[in-house]
Amino acid sequence: MLIIINGEERTVSHSLLRDILVELDYPLSGVAVELNGTILPMDTYESTQISAADRLEIVCFVGGG
Amino acid sequence: MSFISELESIRDDELCQQLEQTSVQDVQRILAQSSLSMRDYLALLSPAGEACIEDMAQCAHRRTVQHFGRTMQLFTPMYMANYCENGCIYCGYSHYSDIHRLKLNASDIEAEAQNIRSTGLEHILLLTGESYQHSPVSYIEDAIRIVAPLFSSVSIEVYSLTVHEYEQLVKADLDGMTMFQETYNPILYEQLHPFGPKRDFQKRIDTPEFACQGGVRTVNIGALMGLDDWRLEAYKTGLHARYLMKQYSDVEIAVSTPRIRPCAVGYQPQHPLRDIELVQYILALRIAFPRIGITLSSRESPMMRNHLVKLGVTKMSAGVTTAVGGHTRGEDSNQFDISDNRSVAAMAAMIREQGYQPIFKDWQLL
Amino acid sequence: MGEMIGIDDKQSNTTMKETEYVIGGIDCSDDTFQVGNQCFSSRLLVGTGKFGSYQIMKETILASRTDIVTVALRRAGGSEHSENILDYIPKDIHLMPNTSGARTAEEAVRIARMARVLGCGNLIKIEVIRDQRYLLPDNMETIKATDILAKEGFSVFPYMSPDLMDAKRLVDAGAATVMPLAAPIGSNRGLETKGMIQMLIEEIDIPIIVDAGIGKPSEAAEAMEMGADAVLVNTAIASSDNPILMAQAFHHAVLAGRQAFLAKCGAVQHVAQASSPLTGFLRD
């Protein structure tokens, strides 16, 4: 299905958030995820179902002052 | 928030210890700083500070000229009523005192104000004794409305009002208020105020803050010097001023340094100040709080007042009588004996002679 | 690079923090940096941007003996960015995410909330910048964001242009500290806003952390001598030829400035002496 990750259209084969993160090579720890504008607690990645056209924002810490 | 919690957090013995430990070197170092902490202010009040009085004077003089120019604002008090429900044992207006009690009616107030206005003064301070019964808020409000058209600034020195009452008076054109704490020592305060509404120490402390909250533009505080150890009172007054300046940065905070004077009830001060100590207090205030207003009353002698023009004072009274209706009838039966009874014209001449400009009108709300 | 320098620090980071400094009767060992009810062992905060590698960043952090480091939040790019910066930050050091990239209070709030999901404590540096030329903070939006995040339990460290009225508004909004800029971010121009920061130090009761623009250790020391509670440094360290050595230099400078502040500097002698005495009348 087609979803939007960080503003870009991506095709994914899984529908569980955790599986999508693995499929796209994101680390499972150290990323925060916003689904359609709602921030998800980390322990819900295993149970969150993603549907077509959902918008995901995936962020992590980087260096900054 | 109240200043009372800050006041309760300091201890007299610790202050005394710091005062004793302050050296002349400490004072010299502080005088070279561009800004002072409250600890530094305390150090300037120390015995070591007295030894540096000339250096302090030079520093205070420079700061005053820098922030205020060579100017001196003049005002006069107008006593409207001397009925009082308090028993302040050092005051000639106290309930004990068998002075003649009276109060001005609307036309008396108008006449008295016209007489004051004819001297050129633009700032007036309205006073009453503390009597809700004889001089209620409505009486004060009416008086403000009568005198406001004649003056550019009207202040009051009356009993404690509520925030709402201050708001009400500000609407009637009140600019400023004066409230002396008398003493910041709560135990002594209780002894000196055996009865009457003024007996409530915390309410007295909070009143200047209520005025700030009520929209009063200038708030003048002070301790009556001579009731308790002057260094402690001076420090706590500074602390109070600092608190108000911080909490209400839009209000102009001023400090008066009244020394207790002989009065109708014959009270003998337990901690009289020498002249040099009063001067040290004024200098320390100016150095620690460069922008603060300092008011000097006619309780001081002409000699002291002449010299203090250059040392940090920004506002002086002139043409003073402490009698109710005294500006009209010219007599002087009194709350306390004044030492400097020079007229407005004589004060203005003295100030000009020193190269300063007497200011009758500081500002006016447009 | 810099391996020989700072190696001791790495090994004994914990004991270094406990080092006692007793100078002339003032025991500096209990001079911890307190924010609200949290205590930190260092008054030097270090930013983690602009380093050549995370490894150098890590060694620099250790050399600085900092207790708080800032990090930013960015869109994760998948496998190509799989290295996790958190793996390079010692666990006992506090993380303070910033909201860089935010142009409005709403965006800053969103970034802060996402950072919190990552489980790094409640510290947040609010940074709201609209001006892309000088990167100056937008105080008004910063105040709004502070108000919201403080109510949500964050310990808010707002980065701001040093303005007294705005600093008071930040205090009222619930800020834990105020972080005035010394000069524009990354400019290394030093304490250009010195006079304004001095006012904040005098008037604001919560800690003042001088952030941005400090280019040299001597400037960090000067800020501390003035009475700032801490400084935050990133570019000056990261962009030097030897970040690890520079981090140590900043550590010493911040400590030196703090000690000088506590010890109080001696009087500057003004040569000018008054022409006529003003207190002669008191001796008559």
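Everything below is about the structure printed above this text.
Reading the values: the criteria
Residues numbered from 1 in each chain as written. Chains lettered and ligands numbered in written order. Predicted model: local features only at pLDDT ≥ 70, side-chain atom pairs only at ≥ 80, totals over all residues. Heavy atoms only, no water. Buried < 20%, exposed > 50% of the residue type's maximum accessible area, 1.4 Å probe, protein only. Helix = DSSP H or I, 4+ residues; strand = E, 2+ residues; numbered from the N terminus. Contact = heavy atoms within 4.5 Å. Buried area = accessible area lost by both parts, 1.4 Å probe. Salt bridge = Lys/Arg side-chain N within 4 Å of Asp/Glu carboxyl O. Polar contact = N/O pair within 3.5 Å; in protein donor to acceptor, adjacent residues only side chain to side chain. Nonpolar A, V, L, I, M, F, W, Y, C, P; charged D, E, K, R; others polar. Pairing = 2+ DSSP bridges. Right-handed = clockwise from strand over helix to strand, strands pointing away. Disulfide = S-S within 2.5 Å. Axes fitted to C-alpha atoms, helices over the stretch in contact; angles between N-to-C directions. Parallel < 35°, antiparallel > 145°, perpendicular 65-115°, else oblique.

Visitor: In this structure, what is going on with helix H8 (residues 137-147) of chain B? I would like to understand it.
Guide: Residues lying three or four places apart along an α-helix face the same way, a consequence of the helix completing one turn every 3.6 residues. Listing the buried residues of H8(B) in full gives B:Val137, B:Tyr139, B:Ile140, B:Glu141, B:Ala143, B:Ile144 and B:Val147. Among the structural elements, strand E1 (71-81), helix H7 (106-117), strand E2 (123-128), strand E3 (153-157) and helix H9 (163-171) of chain B are those in contact with the buried residues of H8(B).

Visitor: Any chance you could explain the interface of chain A and chain C here in plain terms?
Guide: It is common to report an interface's size as the accessible area lost on association of the parts. Facing the 25 residues of chain A at the interface are 30 residues of chain C. Taken together, the two surfaces of chain A and chain C that pack against each other cover about 2,200 Å², and 65% of this comes from carbon and sulfur. Taken as a group, A:Phe61, A:Val62 and A:Gly65 account for 33% of the area that chain A buries against chain C, more than any other trio of residues on that side. As a salt-bridge pair, C:Arg75 and A:Glu57 come within 2.4 Å of each other at their nearest N and O atoms. Summed over the shared surface of chain A and chain C, the number is twelve residue pairs in polar contact (both at pLDDT 80 or more). At the level of secondary structure, the elements contributing two or more residues to the side of chain A that touches chain C comprise strand E3 (31-35), strand E4 (38-40) and strand E5 (55-63) of chain A. Sort the elements by how many residues they give to the side of chain A that touches chain C and E5(A) lands first, with seven residues. When grouped by side-chain class, the residues that make up the side of chain A that touches chain C number 15 nonpolar, seven polar and three charged. Where E5(A) meets strand E6 (residues 68-75) of chain C, five bridges bridge the pair, whose relative direction is antiparallel. Its bridge partner lying in E6(C), A:Val59 is registered against C:Arg75.

Visitor: Would you take a moment to explain the pairing of E1(B) for this structure?
Guide: Sheet faces and side chains relate simply in a regular strand, where the side chains alternate between the two faces. Residues and elements named next belong to chain B. Across the eleven residues of E1, ten count as buried, placing the element largely inside the fold. As judged from the three bridges shared by E1 and strand E9 (residues 357-359), these two strands associate in the parallel manner. Each bridged residue has a counterpart across the sheet, and for Gln-73 the counterpart in E9 is Ile-359. In the sheet, E1 pairs with strand E8 (residues 315-317) via three bridges, with the strands oriented parallel.

Visitor: Explanation requested: the sheet that holds strand E8 (residues 123-126) of chain C in the structure shown.
Guide: What holds strands together in a sheet is hydrogen bonding between their backbones, with the strands either parallel or antiparallel. All names here are of chain C. Spatially, E8-E9-E10 is the arrangement adopted by the three strands of the open sheet, whose pairing is parallel. The sheet terminates laterally at E8 and strand E10 (179-180), the two strands that pair on one side only. Relative to strand E9 (residues 155-160), E8 runs parallel, the two sharing four bridges. Bridge pairing in E9 links Lys-125 to Phe-157.

Visitor: What is the right way to read the environment of B:Gln168 from this model?
Guide: Residues and elements named next belong to chain B. Take Gln-168: it is sitting in helix H9. Once the C-alpha coordinates of Gln-168 and Gly-215 are considered, the two residues, 47 residues apart in sequence, prove to be 9.6 Å apart. Look past the residues within four positions of Gln-168 in its chain and what remains in contact with it is Val-137 and Glu-141.

Visitor: How do you make sense of the interface of chain C and chain B when you look at a structure like this?
Guide: Each partner contributes residues to the interface: chain C has 20 residues there, and chain B has 23 residues. For the pairing of chain C and chain B, the buried interface totals around 1,700 Å² over both sides, and the portion due to carbon and sulfur atoms is 58%. Across the contact surface, chain C and chain B share two salt bridges. In this structure, the salt-bridge partner of B:Lys246 is C:Asp205, at a minimum N-O distance of 2.4 Å. In this assembly, chain C and chain B are joined by six residue pairs in polar contact (both at pLDDT 80 or more). Of all elements in the fold, only helix H6 (164-173) and helix H7 (194-203) of chain C reach the threshold of two or more residues within the side of chain C that touches chain B. When residues in the side of chain C that touches chain B are grouped by element, the largest group, three residues, is from H7(C). Split by residue class, the side of chain C that touches chain B holds nine nonpolar, six polar and five charged.

Visitor: Looking at this model, I keep getting lost on the pattern of salt bridges. Mind explaining?
Guide: Close approach of charged atoms allows side chains of opposite charge to pair. Residues and elements named next belong to chain B. For the structure on display, the rule yields 34 salt bridges over all chains. Note that Glu-141 is salt-bridged to Arg-145, the shortest N-O span being 2.9 Å. One end of the pair, Glu-141, and the other, Arg-145, are both in helix H8, four residues apart, so they sit about a helical turn from each other. Taking the relative accessible area as the measure of exposure, Glu-141 reaches 13% and is therefore buried. With relative accessibility at 45%, the residue Arg-145 sits in the partly exposed group. One network of salt bridges, in which partners are shared, links Glu-50, Arg-231, Arg-274 and Glu-277.

Visitor: For this particular structure, what's the right way to read helix H3 (residues 54-64) of chain C?
Guide: Taken together, the buried positions of H3(C) are C:Met57, C:Glu59, C:Thr60, C:Ile61, C:Leu62, C:Ala63 and C:Ser64. Count one or two residues on from H3(C) and you reach C:Arg65, which has phi positive near 55°.

Visitor: Would you explain the arrangement of the chains in this entry?
Guide: Between all two pairs of chains that are in contact, chains A and C come out with the most contacts. There is no contact between chain A and chain B; across them, the least C-alpha separation is 32 Å.

Visitor: So what exactly am I meant to see when it comes to the side chain of C:Thr70 here?
Guide: Secondary-structure assignment places C:Thr70 in strand E6. Within the local environment of C:Thr70, its side chain forms a polar contact with the backbone oxygen of A:Gly64, the two atoms lying 2.8 Å apart. In this structure C:Thr70 touches A:Gly64, A:Gly65, C:Val46, C:Gly47, C:Thr48, C:Met96, C:Lys125 and C:Leu232, once residues within four positions along its chain are discounted.

Visitor: Got a minute to help me understand the pairing of E8(C) in this structure?
Guide: Residues of E8(C) alternate between two faces, with C:Leu123 and C:Lys125 on one and C:Ile124 and C:Ile126 on the opposite face, all of them buried. What joins E8(C) to E9(C) is helix H5 (residues 139-151) of chain C, and the crossover it makes is right-handed.

Visitor: In this structure, what is going on with the state of the cysteines? I would like to understand it.
Guide: In a disulfide, the sulfur atoms of two cysteines are covalently bonded to one another. All told, the structure shown has zero disulfides over all chains when counted by the stated rule. Cysteine B:Cys16 is unpaired, with the sulfur of B:Cys52 as its nearest cysteine sulfur at 19 Å.

Visitor: For this particular structure, what's the right way to read the packing of helix H2 (residues 12-21) of chain B against helix H12 (residues 230-247) of chain B?
Guide: Helix packing for two helices is described by the angle between their axes and how far apart those axes are. Residue and element names in this part refer to chain B. Running from N to C, H2 and H12 point in directions that differ by 105°, and their axes come no closer than 11 Å. Between H2 and H12, the crossing angle belongs to the class labelled roughly perpendicular. Contacts from Asp-12, Leu-15, Cys-16 and Leu-19 in H2 reach Arg-231, Leu-232, Tyr-235 and Lys-236 in H12. In terms of residue class, the contact of H2 with H12 is made up of five nonpolar, no polar and three charged.

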